Amino acid sequence: MNTAASLPYDPQALAQCAGELIANVTELAARGWTPATSSNFSRRIDDRYAAITVSGRDKGRLVANDIMVVDLDGNPVATDLQSSAETLLHTQLYKRFAEIGCVLHTHSQTQTVASRLYAGAGHVHLEGYELLKAFAGNTTHDTTVELPVLPNTQDMHTLAAQVDALLDRRCMWGYLIDGHGLYAWGRDMPEARRHLEAFEFLLGCELELRRLRR
Ligand SMILES: CSCCC(=O)C(=O)COP(=O)(O)O
Ligand SMILES: [Zn+2]
């Protein structure tokens, strides 16, 4: 058994991250963005560890036991619990960018439908929306954001390598996975959530425009 003194991370910092994750994920789940136990969420604890959801848990009913700690290679720390099947997609971002503090992954219908429609193009082109200012660093609607769409695979190392290659090329705050859902991140929970909500809204606009133009 691990006592608080023997843990390699600050248990109070974990408790704070877990509380923040539970409160925010409960709200996101209430919107229907995490159906059937899908989705996963994490928060950086420090420069070596992150708090992340346990695999397979109902994200609409998270409690403290549904949050565990992994190192930035995705290994569980001081627990027998199994972290999210997609842990590597979280930890690769924390490992590479010290400023990233929160990663949110959801499976809303809007995100999933958009990922199917734009998989062929490889990205969703977002342009001219006032809400583009929700993305950190954007100060005008008069700009473009290309949201990448990656092919889905159960091989997280393959998926992580694809993400890594994209991160080489451009500054970005999220990506879609075909037939799967959306990853979005930020420096902290409020920023990651703002980015997630902005992508959800803008993808909804694009889908509606497509419908109206048919
Ligand atoms: C039933 S959802 C399939 C797995 C998935 O895409 C997901 O987001 C949830 O996986 P986790 O292991 O994090 O619960
Ligand atoms: Zn998923």
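Looking at an unreviewed UniProt entry, one finds the chain named Methylthioribulose-1-phosphate dehydratase, with Lysobacter koreensis as its source organism. Note on the chain: under the UniProt heading Pathway (unreviewed entry), the record states "Amino-acid biosynthesis; L-methionine biosynthesis via salvage pathway; L-methionine from S-methyl-5-thio-alpha-D-ribose 1-phosphate: step 2/6." The record held by UniProt for the chain lists under Function (unreviewed entry) the comment "Catalyzes the dehydration of methylthioribulose-1-phosphate (MTRu-1-P) into 2,3-diketo-5-methylthiopentyl-1-phosphate (DK-MTP-1-P)."

> A description of the site of ligand 1 should follow, citing residues and the corresponding values.
Surrounding ligand 1, one finds 14 residues, the nearest of these being Ser39, Ser55, Gly56, Ser84 and Glu86. The separation between an oxygen atom of ligand 1 and a polar side-chain atom of lysine 59 is 3.1 Å. Taking 400 Å² as the accessible area of ligand 1 by itself, protein coverage stands at 74%. Residue composition of the shell around ligand 1, by class: two nonpolar, 10 polar and two charged.

> Now, about the environment of alanine 13: what can you tell me, with residues and values included?
Mapped onto the elements, alanine 13 comes out in helix α1 (residues 11-30). Between the C-alpha atoms of alanine 13 and alanine 78, which are 65 residues apart in sequence, the distance is 15 Å.

Rules and cut-offs
- Each chain has its residues counted from 1, following the order in which its sequence is written.
- To label them, take the chains in the order written and letter them from A, then take the ligands in the order written and number them from 1.
- Given that the model is predicted, a residue must reach a pLDDT of at least 70 before its local features are reported, and side-chain atom pairs must reach 80 or more before they are shown or counted; all residues, however, enter totals for whole chains, interfaces and linings.
- No hydrogens and no water enter the side-chain calculation; it runs on all heavy atoms of the structure.
- UniProt positions are given in the numbering used here, feature names are shortened, and annotations may be inferred rather than shown by experiment.
- Nearness is defined per residue: one heavy atom within 4 Å of the molecule or strand is enough.
- Any pair of nitrogen or oxygen atoms within 3.5 Å is treated as a polar contact; in protein, a donor-acceptor pairing is required on top of that, and neighbouring residues in sequence qualify only through side-chain atoms on both sides.
- What sets the accessible areas is the Shrake-Rupley method with a 1.4 Å probe; for residues, cover comes only from the shown protein chains.
- Each residue is assigned to one of three groups, with Ala, Val, Leu, Ile, Met, Phe, Trp, Tyr, Cys and Pro labelled nonpolar, Asp, Glu, Lys and Arg labelled charged, and all others, Gly among them, labelled polar.
- By definition, any uninterrupted DSSP run of H or I lasting at least four residues is a helix, any uninterrupted run of E lasting at least two residues is a strand, and each is numbered from the N terminus.

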